[in-house]
Amino acid sequence: MSYDGLGPRALMRSVAFLTAGALAVPLLAACSSEDEASKPLAGQDIAPAARSVVADGGTLHWAVDAVPETLNTFQSDADATTTRVAQAVLPSMFRLDANGRPQRNPDFLESAKVVETEPRQVVLYRLNQQAVWSDGREIGAADFAAQWRALSGKDSAYWTARNAGYDRIEKIERGDNDLEVRVTFARPYADWRSLFSPLYPKDVMGTPDAFNDGARRKLNVTAGPFAVKAVDHKNAEITLVRNPRWWGHPAKLSEIVLNAVPRDKRAAALAAGTVDLAEIDSGDVQRIALAARAKGAGAPLQGPAAGRTAAKALRSWALAHGSDEDAADDEIDARKKLTRAIATWETQQDGLRGFEVRKSLEPAYTQLALNGSDGPLADERVRRAVARALDRKELAKLVLKPLGLPTVPVGSHLALSGQAAYADNSGALGDQDTAEAQALLVSAGWVPGGPVKEQKKVEKAAGAKGEKADDESPGGDDGTYVVDEDNKANGDADRERKRDHHREQYEKGDEGPRHLAQDGKYNDKHLPQGGAPGAYAPKGTAAPAGAAAAALAKDGKPLTLRFVLPSGPGSASLRTVADRISRMLERVGIRTEVTKVSDESYFKDHIASGQFDLALYSWPATAFPATDARPIYAKPVPAADGSLTVEQNYTRVGTDQVDQLFDQAIATLDEDEENSLIRKADARIWAAAGSIPLYQRPQLTAARKNVVNAGAFGFQTPVYEDMGFLKKGAAAGPSGRPSAK
């Protein structure tokens, strides 16, 4: 799980992804066709190049969030960098293709298939005869067996983060020869392809001490195109070098150095030439796009000079040359600092001209989480009302359109477009519908009125000569609303009720022809001369679309939800989305109280502990939802002390039916049936309205222009041995593929 730019590690398959920040289907609504799920919404953007035009040698400096605390992906403090290292240096029996589907890795496997189903499921692995560990030993059954024993959950001395799948294995044995491994399952396991990816040597998995501590800071024995040379916490970098015993295509790069660079420092690192490849935020995307323009191209002032108008410059000059010596000195110092900042920024812009932005969609989605453990959201009708108030298309457009990415809302909790299990099951809940949302709230007992925050009464507009209008109703209000004031401070409950009454009268046509508002939008030809925001519309005029509804209350309490958000600079886009969501909820009478907390405490002190009503965070997609997604949506179970065991279901919303569908999906060996069950489970997750998928997260990567086969990978597992720099004399063709000059 993650939120934009930050986040704790979701305990999901390392082959699937993480970050994050990010985390990502009905029988109740008809499933989408296979054609709709046949490809991702956005493809890879990695500057693909044939190996023949990639130079031999070179060091790629790749920015990461942090040097990991462990190199063991099966430990609880493993992170995204742990996964990146494992992909480059360890065996994986299967890896993901561009559609997010598992494919056999021919460097390690000649074949892998279910050879028996009765009385037990048996999978036979036939290993590549060239596959060896870096110490020269063949990869074989002993390594598979050691990993199974460590991760089976039977020995508590192993400090494992997860054992899903391994706990279903009965035994592992050698086949007819050293290249065959037979895995017998005690219970059928649909997601058997998720196992042994990555595969650690028996040296790491063989004993609890070796598992717990042996692979935290070093990996002495590996089996990939690269090997770990050094983990340098002092200088915040990990160095990977070519593995001389690698039997596949030799790595093009001599070294990959993973440099820990904070997100807000990456533009500077790119410009300084200390990093060649880095995931970046949207603000840095704009900087690189601006740098790509020719110098002096007439672009508006940017960076430290942004917003410095001629008037501000003149005022600054006047202060610096004025008679007030103290003010003059302060202004002179400020001008010098600004000059230095502008010079630094311009120098960085020169450095950024050697980079381009490669973009796709991450295999992760951002969701709105609704805490259903207590309070108003414990009522499913209120959760459904929140969901029906949201325009998910608008939210996706808000984030993705400025980046030129597809603005399609995510239709599934359990898969993303392109994956086999994907189908848009949002119909189980329904699209945005203000009237339906309000009806659900009424049925739950939330009605206009009750204790709402007192607001200062707006003074009435004066008449033609400036005197106050004297046609006030006995209640002190004539039923009008202030144009453009509807989304500001709420009036008292009586005025809100009167406004609703007049709106109903107007919509029925009882008040005659429409005036300022026409079909919920302003119609300029009906504006009276001098009409402007702040003027009063005539009695009975309907409020514009998007106007706040009257505040709702029940049993003397207002309907106000705590919206908890991270406050760090990397989460600016989340806060923008949250602001838009709050406005959408306001239209149906739901108020929000936004609380911004530190990035460090956001997950631990708020999400995991349930101290929120609404929150935004992301889940990574997985090729194995029956295994990996179950803990996220499992029904919470009461513990002996009265607390809830929630696993990773931080919304605390779950049903027995969803659990049963997951259990059925994990136990079938029919892939079509498994996908059908996953889609049914997703439809019921939608209907429970514990979490609302919004949009697939943007994946934005800055890459030096001559770096190829690297960038925004999308679903696909990176092919580390093909990454490198273009040879001199090679150039990218129109398709993005290099062509010789």
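For the structure itself, consult the block above.
Asker: Please clarify how the packing of helix α9 (residues 380-389) against helix α11 (residues 434-443) should be interpreted in this entry.
Answerer: How two helices pack is summed up by the angle between their axes together with the distance between the axes. It is at 8 Å that the axes of α9 and α11 come closest, and there the two elements cross at 165°. Compared by their axis directions, α9 and α11 come out roughly antiparallel. The crossing of α9 and α11 is left-handed. Seen from α9, the contacting residues are R381, V382, R384, A385, R388 and A389; seen from α11, they are T434, E436, A437, L440, L441 and S443.

Asker: How do you make sense of the sheet that holds strand β17 (residues 557-558) when you look at a structure like this?
Answerer: As a general point, the strands of a sheet are linked pairwise by backbone hydrogen bonds and lie either parallel or antiparallel. The strand order across the open sheet built from 3 strands is β13-β16-β17, with neighbouring strands paired in antiparallel fashion. Sheet topology places β13 (447-448) and β17 at the edges, where each strand pairs with a single neighbour. Two elements, strand β16 (residues 552-554) and β17, share 2 bridges in a ladder whose sense is antiparallel. Each bridged residue has a counterpart across the sheet, and for K554 the counterpart in β17 is K557.

Asker: I'm lost on helix α14 (residues 599-607) in this one. Help?
Answerer: An α-helix turns once every 3.6 residues. As a result, residues three or four positions apart point the same way. Within α14, burial applies to D599, S601, Y602, F603, H606 and I607. Among the structural elements, β18 (560-566), β19 (591-597) and β20 (614-620) are those in contact with the buried residues of α14.

Asker: I would appreciate a short explanation of unusual backbone geometry in the present structure.
Answerer: One can expect most non-glycine residues to show negative phi and most peptide bonds to be in trans. The omega angle of the peptide bond from E118 to P119 is -5°, so this bond is cis rather than trans. Tracing the backbone shows P119 in the loop between β4 (109-116) and β5 (122-127). Of note, the bond from S197 into P198 is cis; its omega dihedral lies within 30 degrees of zero at 5°. Examined against the element boundaries, P198 turns out to sit in the loop between β7 (180-185) and α3 (202-205). If you check the backbone angles, A47 has positive phi at about 50° while not being a glycine. Checked against the element boundaries, A47 lands in the segment before β1 (59-64). Given the relative accessible area of 14%, A47 is considered buried. Its identity is not glycine, yet E647 carries a phi of approximately 50°, on the positive side.

Asker: How should I be thinking about the packing of aromatic side chains in this particular structure?
Answerer: Aromatic rings considered in pairs are described by the distance between their centres and by the relative angle of their planes. In total, this model carries 18 aromatic pairs according to the counting rule given. On the basis of an interplanar angle of 40° and a centroid distance of 6.2 Å, the ring pair of W62 and Y720 is categorised as tilted. Remark: Y720 occurs in the loop between β24 (707-708) and β25 (724-725) and W62 occurs in strand β1; sequence separation between them is 658 residues. Given a relative accessible area of 4%, W62 falls into the buried group. Pairing F144 with F196 gives two aromatic rings, centres 4.6 Å apart and planes at 50°, and the pair type is tilted. Within this pair, whereas F144 is found in helix α2 (residues 141-151), its partner F196 is found in the loop between β7 and α3, the two being separated by 52 residues in sequence. The burial state of F144 is the same as that of F196; both residues are buried. Among the aromatic residues, those joined into a ring-pair cluster are F74, F94, Y125, F144, Y166, W192, F196 and Y200.

Asker: What exactly am I supposed to notice about the pattern of salt bridges here?
Answerer: It is possible for side chains of opposite charge to pair when their charged atoms get near one another. In the structure shown here, the tally under the stated rule is 31 salt bridges. Between E116 and R182 there is a salt bridge, with its nearest N and O atoms 3.2 Å apart. Of the two residues, E116 sits in strand β4 while R182 sits in strand β7, which places them 66 residues apart along the sequence. Salt-bridge contacts for D281 lead to R263; the nearest nitrogen and oxygen are separated by 3.8 Å. Of this pair, D281 sits in the loop between β11 (277-279) and α6 (282-292) while R263 sits in the loop between β10 (255-260) and α5 (266-272), placing them 18 residues apart in sequence. Using a relative accessible area of 24% as the deciding quantity, one classes D281 as partly exposed. By relative accessible area, which is 17% here, R263 ends up buried. Look at the salt bridges and you will find they share partners, linking D65, R84, R263, R266, E279 and D281 into a network.

Asker: So what exactly am I meant to see when it comes to the pairing of β5 here?
Answerer: On a regular strand, one side chain projects to one face of the sheet and the next to the other, so that they alternate. Counting buried positions along β5 gives 5 out of 6 residues, so the element sits mostly inside the fold. One ladder, built from 6 bridges, connects β4 with β5; its direction is antiparallel. The partner of L109 across the bridge, within β5, is L127. The turn joining β4 and β5, which pair antiparallel and follow one another in sequence, is formed by 5 residues. As judged from the 5 bridges shared by β5 and β7, these two strands associate in the antiparallel manner. Looking at the pairing, R126 lines up with E180 of β7.

Asker: Help me out: how do you make sense of a negative patch on the surface in this one?
Answerer: Judged by side-chain charge, D324, E325, D326, D329, D330 and D333 come together as a negatively charged surface patch. In this fold, E325 is placed in helix α8 (residues 325-352). Here E325 falls in the exposed class, since its relative accessible area comes to 61%.

Asker: What is the right way to read the pairing of β19 from this model?
Answerer: Two strands pair when backbone bridges link them, and β18 and β19 are joined in this way by 7 bridges, in the parallel orientation. When the sheet's bridge partners are listed, T560 is paired in β19 with R591.

Asker: Could you clarify how one ought to interpret α2 in this entry?
Answerer: Among the 11 residues in α2, 9 count as buried, and that is most of the element. Along α2, the positions that sit buried rather than exposed are A141, D143, F144, A145, A146, Q147, W148, A150 and L151. On its buried face, α2 is in contact with β5, β6 (169-174), β7, α3 and α4 (208-214). Just past α2, the residue G153 takes up positive phi, approximately 85°.

Quick notes on the rules
- Residues numbered from 1 in each chain as written.
- Predicted model: local features only at pLDDT ≥ 70, side-chain atom pairs only at ≥ 80, totals over all residues.
- Heavy atoms only, no water.
- Axes fitted to C-alpha atoms, helices over the stretch in contact; angles between N-to-C directions.
- Helix = DSSP H or I, 4+ residues; strand = E, 2+ residues; numbered from the N terminus.
- Parallel < 35°, antiparallel > 145°, perpendicular 65-115°, else oblique.
- Left-handed = near helix turned anticlockwise from the far one by under 90°.
- Contact = heavy atoms within 4.5 Å.
- Pairing = 2+ DSSP bridges.
- Buried < 20%, exposed > 50% of the residue type's maximum accessible area, 1.4 Å probe, protein only.
- Phe/Tyr/Trp six-rings, centres within 6.5 Å; stacked < 30°, edge-to-face > 60°.
- Salt bridge = Lys/Arg side-chain N within 4 Å of Asp/Glu carboxyl O.
- Patch = residues over 30% accessible without salt bridge, like charges linked within 9 Å, V, L, I, M, F, W, Y side chains within 5 Å.
- Areas by Shrake-Rupley, 256 points an atom, 1.4 Å probe, with all protein chains shown as cover.
- Lys, Arg positive; Asp, Glu negative; His and termini not counted.
- Charge placed at Lys NZ, Arg CZ, Asp CG, Glu CD.

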